[in-house]
Amino acid sequence: MGVAAIFDLRYKMRLVEFYLTHIYGGEAASNKIQEVQNYCVDLFQEYKSRGAESSQASSSSEVVGHVEGDRLSSFDRFVASSSSNMDTRSELDSYLEENVLPHTPSFDILSWWKTNRIKFPTLQKMARDLLAILASTVTSESAFSISGRLISPHRSRLHPTTLEALMCARTWLWNEINGLASMVDKVSCPILLDEEEEPDSSWLTGR
């Protein structure tokens, strides 16, 4: 979560420093801040090395693909050769050195990274992966809970497509009933609103 906060233009390392100082204080906070920063640097270097081969291949193919006689073909070769000798941390450092943006709730982080992908190509890939991670497991746990109620001992061989259709239909019915039906209608539809329970077996014993 600390690394993901760094990729928000409104927070960067300032938010990490602020909260870790309040949580730990003193030297312990400095160690934690340095730990988050080191992890971000290591992750950046991993992404940089992972995309080095693909970027080299694409740049070489683009240079070869230039029309013969293009006056800027030699310049493109010069840029491609000099960019490979640049510091691998320069992109991350230049991003962290920039000032944070004003804290506006309507700020679209993903749109900003999409717009600045040329300036920060490696960081853009990192932001795309990190910001897509859910901060909570409630959504996935809810999905597993719903599937657990749909798959019973009597319905344990449902096809995945059928199970997906049942889960979607259940959600649609919930939304329709909660939005349109009255309280009387809700009481008269306990099967759709209440959790599924095991059937009462007392009638088998004649009680």
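Residues numbered from 1 in each chain as written. Predicted model: local features only at pLDDT ≥ 70, side-chain atom pairs only at ≥ 80, totals over all residues. Heavy atoms only, no water.

- The protein chain carries the name Zinc finger BED domain-containing protein DAYSLEEPER-like in an unreviewed UniProt entry, which gives Nicotiana tabacum as its organism.

Some thoughts on the confidence of the model for the protein chain
Here comes step 1: Summing up the model confidence of the protein chain, the mean pLDDT is 76 and the portion of residues at 70 or higher is 69%.
Here comes step 2: This model gives residues 62–68 a pLDDT under 50, and the stretch forms five contacts once residues within four places in sequence are excluded.
Here comes step 3: A low-confidence stretch, residues 182–207 stays under pLDDT 50, and its non-local contacts, those more than four residues away or across chains, total 15 contacts. (pLDDT = per-residue confidence, 0-100. Contact = heavy atoms within 4.5 Å.)

Some details on helix 8 (residues 121–130)
One turn of an α-helix holds 3.6 residues; hence residues three or four places apart share an orientation.
Here comes step 1: Those residues of helix 8 lying buried are T122, L123, Q124, M126, A127 and L130.
Here comes step 2: As for helix 8, its buried residues are in contact with helix 1 (2–6), helix 3 (26–50), helix 6 (90–97) and helix 7 (109–115). (Buried < 20%, exposed > 50% of the residue type's maximum accessible area, 1.4 Å probe, protein only. Helix = DSSP H or I, 4+ residues; strand = E, 2+ residues; numbered from the N terminus.)

Comments concerning the pattern of salt bridges
Oppositely charged side chains can pair when the atoms bearing their charge come close.
Here comes step 1: Taken as a whole and assessed by the stated rule, the structure comprises five salt bridges.
Here comes step 2: For D8, the salt bridge goes to R10, with nearest N and O atoms at 2.9 Å.
Here comes step 3: The salt bridge partner of D129 is R128, with a shortest N-O separation of 3.8 Å. (Salt bridge = Lys/Arg side-chain N within 4 Å of Asp/Glu carboxyl O.)

Some points on the nonpolar core
Here comes step 1: Core analysis: the biggest nonpolar cluster contains 25 residues, and V3, I6, F7, Y95, W113, L123 and M126 have the highest contact counts within it.
Here comes step 2: Every element with two or more residues in this core is listed here: helix 1, helix 2 (12–23), helix 3, helix 6, helix 7 and helix 8.
Here comes step 3: It is helix 3 that provides the largest number of residues to this core, a total of seven residues.
Here comes step 4: With residues up to four places along the chain from it excluded, the contact list for V3 reads V36, Y39, C40, L43 and L130. (Core = buried A, V, L, I, M, F, W, Y, C linked by side-chain atoms within 4.5 Å.)

Observations concerning the packing of aromatic side chains
What describes a pair of aromatic rings is the distance from one ring centre to the other and the angle between the planes of the rings.
Here comes step 1: Applying the stated criterion across every chain yields a total of eight aromatic pairs.
Here comes step 2: When the centroid spacing of 5.7 Å and the interplanar angle of 75 degrees are considered together, the rings of Y95 and F120 count as edge-to-face. Here F120 lies in the loop between helix 7 and helix 8 and Y95 lies in helix 6, a separation of 25 residues in the sequence. Across the pair, exposure class does not vary: Y95 and F120 are buried alike.
Here comes step 3: Seen from their ring centres, W112 and F120 are 6.2 Å apart, and the 25 degrees between their planes marks the pair as stacked.
Here comes step 4: In this structure F120 comes out as buried when scored by relative accessible area, which is 1%.
Here comes step 5: Counting every residue linked through ring pairs, the aromatic cluster contains F7, Y95, W112, W113 and F120.
Here comes step 6: Residue placement shows K12 over the ring face of Y95; its charged tip is 4.4 Å from the ring centre.
Here comes step 7: Here R50 stacks its cationic end above the ring of Y47, 4.6 Å away from the centre of that ring. (Phe/Tyr/Trp six-rings, centres within 6.5 Å; stacked < 30°, edge-to-face > 60°. Lys NZ or Arg CZ within 6 Å of the ring centre and 35° of its normal.)

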